Amino acid sequence: MVVAFAALVMLNGCIVSDTKLNDKVTQSIVEYEQQQGNTLEVTDLKLEKAEGKNYKGVLTGKLNGEDAVFDVTVDDSGKEFDIDWEQRK
């Protein structure tokens, strides 16, 4: 029972940190696009762990009212996230 509880606590910890990561990445991309004079409404962001503390994923939404899909990479190895994204054409 203790092992099951420990596993549940660890699982909940991962879910919270994944949610926080998604929120920070989404917020950073939206803020950058706003600084560029664009409006980005995010519908979904799916990140999957790649190597080490790196993540890859796909962000979907509307950029200036048009449907848009972005390939996203995140490097979480430093104090701050290094986030790169590129719109699919």
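See the structure above.
Residues numbered from 1 in each chain as written. Predicted model: local features only at pLDDT ≥ 70, side-chain atom pairs only at ≥ 80, totals over all residues. Heavy atoms only, no water.

K.L.:
Any chance you could break down the overall build of the protein chain for me, citing the residues and the numbers?
P.N.:
On a plain count of helices and strands, the protein chain comes out with 1 helix and 4 strands. Listing the helices and strands of the protein chain from first to last along the sequence gives α-β-β-β-β. Across the protein chain, contacts joining residues at least 24 apart in sequence account for 25% of those joining residues at least 6 apart. For the protein chain, the accessible area works out to roughly 6,700 Å², and carbon and sulfur atoms hold 52% of it. (Helix = DSSP H or I, 4+ residues; strand = E, 2+ residues; numbered from the N terminus. Contact = heavy atoms within 4.5 Å. Areas by Shrake-Rupley, 256 points an atom, 1.4 Å probe, with all protein chains shown as cover.)

K.L.:
Can you lay out the sheet that holds strand β3 (residues 66-75) for me, pointing to particular residues and giving the numbers?
P.N.:
The strand order β1-β2-β3-β4 describes an open sheet built from 4 strands, whose pairing is antiparallel. Two strands close off the open sheet at either side, each with one partner strand: β1 (40-49) and β4 (82-87). Neighbouring strand axes in the sheet, compared pairwise and without regard to direction, differ in orientation by 20 degrees on average. Sheet analysis places strand β2 (residues 54-63) next to β3, joined by 10 bridges and oriented antiparallel. Bridge assignment links Thr 60 to a residue of β3, and that residue is Val 69. (Pairing = 2+ DSSP bridges. Axes fitted to C-alpha atoms, helices over the stretch in contact; angles between N-to-C directions.)

K.L.:
Describe the pairing of β3, and please don't skip the residues or the numbers.
P.N.:
With antiparallel pairing between neighbouring strands as the criterion, β2 and β3 make up a hairpin whose turn holds 2 residues, including Asn 64 at a positive phi of roughly 55 degrees. Sheet topology note: the β3/β4 ladder contains 6 bridges and is antiparallel. Residue Asp 75 lies in a different strand from β4, and its bridge partner there is Asp 82. Where β3 folds back onto β4 in an antiparallel hairpin, the turn is made up of 6 residues.

K.L.:
Let's hear about the pattern of salt bridges: which residues, and what values?
P.N.:
According to the stated counting rule, one finds 3 salt bridges in the structure shown. Of the charged contacts, one joins Asp 44 and Lys 46 as a salt bridge, the two residues approaching to 3.6 Å between their closest N and O atoms. By relative accessible area, which is 56% here, Lys 46 ends up exposed. A salt bridge links Asp 67 to Lys 62, with the nearest nitrogen and oxygen atoms 2.8 Å apart. For Asp 67, a relative accessible area of 63% corresponds to the exposed category. Exposure remark for Lys 62: the relative accessible area of 34% places this residue in the partly exposed category. (Salt bridge = Lys/Arg side-chain N within 4 Å of Asp/Glu carboxyl O. Buried < 20%, exposed > 50% of the residue type's maximum accessible area, 1.4 Å probe, protein only.)

K.L.:
Summarise the side chain of Glu 33; cite the residues concerned and give the values.
P.N.:
Here Glu 33 is to be found in helix α1 (residues 2-35). With no salt bridge to any partner, buried Glu 33 finds its closest opposite charge in Lys 89, at an N-O distance of 12 Å. Within the local environment of Glu 33, its side chain forms a polar contact with the side chain of Trp 85, the two groups lying 3.1 Å apart. For Glu 33, the residues in contact, after removing those within four places along its chain, are Asn 38, Leu 40, Leu 63 and Trp 85. (Lys, Arg positive; Asp, Glu negative; His and termini not counted. Polar contact = N/O pair within 3.5 Å; in protein donor to acceptor, adjacent residues only side chain to side chain.)

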